[in-house]
Amino acid sequence: MLKRYQRIAGDYVKLKDGTSLKSTKLPANYTGSQTLKGFEINGKPKLFFNFGFLTVDKTQDLSAWFPLGEELPAVVVADDEIAMIHDMALYRQSRVALDKEEKKAKKGAFFNTEALPEGTILVFPIALKENQETWQPFGASTGTDIYLGGLESIGFGHCYLTLKEV
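Reading the values: the criteria
- Residues numbered from 1 in each chain as written.
- Predicted model: local features only at pLDDT ≥ 70, side-chain atom pairs only at ≥ 80, totals over all residues.
- Heavy atoms only, no water.
- Helix = DSSP H or I, 4+ residues; strand = E, 2+ residues; numbered from the N terminus.
- Rg over C-alpha atoms; globule rule 2.2 N^0.38 Å.
- Buried < 20%, exposed > 50% of the residue type's maximum accessible area, 1.4 Å probe, protein only.
- Contact = heavy atoms within 4.5 Å.
- Areas by Shrake-Rupley, 256 points an atom, 1.4 Å probe, with all protein chains shown as cover.
- Lys, Arg positive; Asp, Glu negative; His and termini not counted.
- Charge placed at Lys NZ, Arg CZ, Asp CG, Glu CD.
- Pairing = 2+ DSSP bridges.
- Axes fitted to C-alpha atoms, helices over the stretch in contact; angles between N-to-C directions.
- Salt bridge = Lys/Arg side-chain N within 4 Å of Asp/Glu carboxyl O.

Novice: Describe the overall build of the protein, and please don't skip the residues or the numbers.
Specialist: Looking only at helices and strands, one finds 2 helices and 9 strands in the protein. If you list the helices and strands of the protein from N to C, you get α-β-β-β-β-β-α-β-β-β-β. The C-alpha atoms of the protein give 21 Å as radius of gyration, which overshoots the globular expectation for 166 residues (15 Å, by more than 25%). Within the span of the protein, comprising 166 residues, buried residues form 21% of the whole. For the protein, the share of sequence-separated contacts (at least 6 apart) that also reach a separation of at least 24 residues comes to 50%. A total accessible area of about 12,500 Å² is found for the protein, and carbon and sulfur atoms account for 53% of it. Positive and negative side-chain charges of the protein, numbering 20 and 21 respectively, have mean locations separated by a distance of 3 Å.

Novice: Would you mind going over unusual backbone geometry in detail, with residue names and values included?
Specialist: Despite not being glycine, Tyr30 shows a phi value in the positive range, around 65°. Topologically, Tyr30 is positioned in the loop between helix 1 (2-9) and strand 1 (31-33). Located in the positive-phi region is Asn42, a residue other than glycine, with phi close to 55°. With respect to the helices and strands, Asn42 occurs in the loop between strand 2 (39-41) and strand 3 (44-49).

Novice: Could you give an account of the sheet that holds strand 4 (residues 52-55), with specific residues and numbers?
Specialist: Taken together, the 3 strands give an open sheet; going across it, the order is 2-3-4, and neighbouring strands pair in antiparallel fashion. Both edges of this open sheet fall to strand 2 and strand 4, since each of them pairs with a single strand only. Pairs of neighbouring strands in the sheet enclose a mean axial angle of 50°, with direction left out of account. One ladder, built from 3 bridges, connects strand 2 with strand 3; its direction is antiparallel. The residue bridging Phe39 from the neighbouring strand is Lys46, located in strand 3.

Novice: How would you explain the pairing of strand 7 (residues 105-115) if you had to name every residue and give the values?
Specialist: Relative to strand 7, strand 6 (residues 91-98) runs antiparallel, the two sharing 7 bridges. Bridge pairing in strand 7 places Arg95 opposite Phe111. In this antiparallel pair of consecutive strands, strand 6 and strand 7, the connection spans 6 residues.

Novice: Describe the side chain of Lys46, with residues and values.
Specialist: Turning to its location among the elements, Lys46 is positioned in strand 3. Buried charge Lys46 goes without a salt bridge, the closest partner of opposite sign being Asp57 at 8.0 Å. Ignoring anything within four residues of it in the chain, the contact list for Lys46 reads Gly38, Phe39, Ile41, Phe53, Leu54 and Thr55.

Novice: Please set out the environment of Gly32 residue by residue, giving values where relevant.
Specialist: Along the chain, the position of Gly32 falls in strand 1. Gly32 sits 13 residues away from Pro45 along the chain, and the two C-alpha atoms are 9.4 Å apart.

Novice: Before we move on, can you summarise the environment of Met1 with the specific residues and values?
Specialist: Among the secondary structure elements, Met1 is positioned in the segment before helix 1. Taking the C-alpha atoms as reference, Met1 lies 50 Å from Glu101; in sequence the two are 100 residues apart. When near neighbours in sequence (up to four residues on either side) are disregarded, Met1 contacts Ile82 and His86.

So this is what it looks like as structure tokens:
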């Protein structure tokens, strides 16, 4: 995912030394951000996940890898581990609507929901026509609260969308 972010935003994100993100080397696996707070076990910071402990080998400034430049608590993991972490992080819930007359499920009213956890950051490119000089879908603001699918009645789908480098 970091490679994809580097490919999408690499020309626009500038590091503190003035170079672009595209020319920088990806952080090594198990590198934590400087804001990450793990538990010290045997002199090494560790994080606990459902599948066990993850040892943070080193920390460094990862602010360039966050879309708004603010360094958040994070750790870089291997490509083959992130799918499992994503799967475990999904918010899952079963729901049922009850019949008004009896305490039983209405026909076809049992359903499951899945949602991304709060704080998830999604980065994606937006294509504009070459002759389009400006695009301001939120007026003068660069961001707004929007609804992207999900079940709005139970709080799913509300997002804050920020446009950068349009």
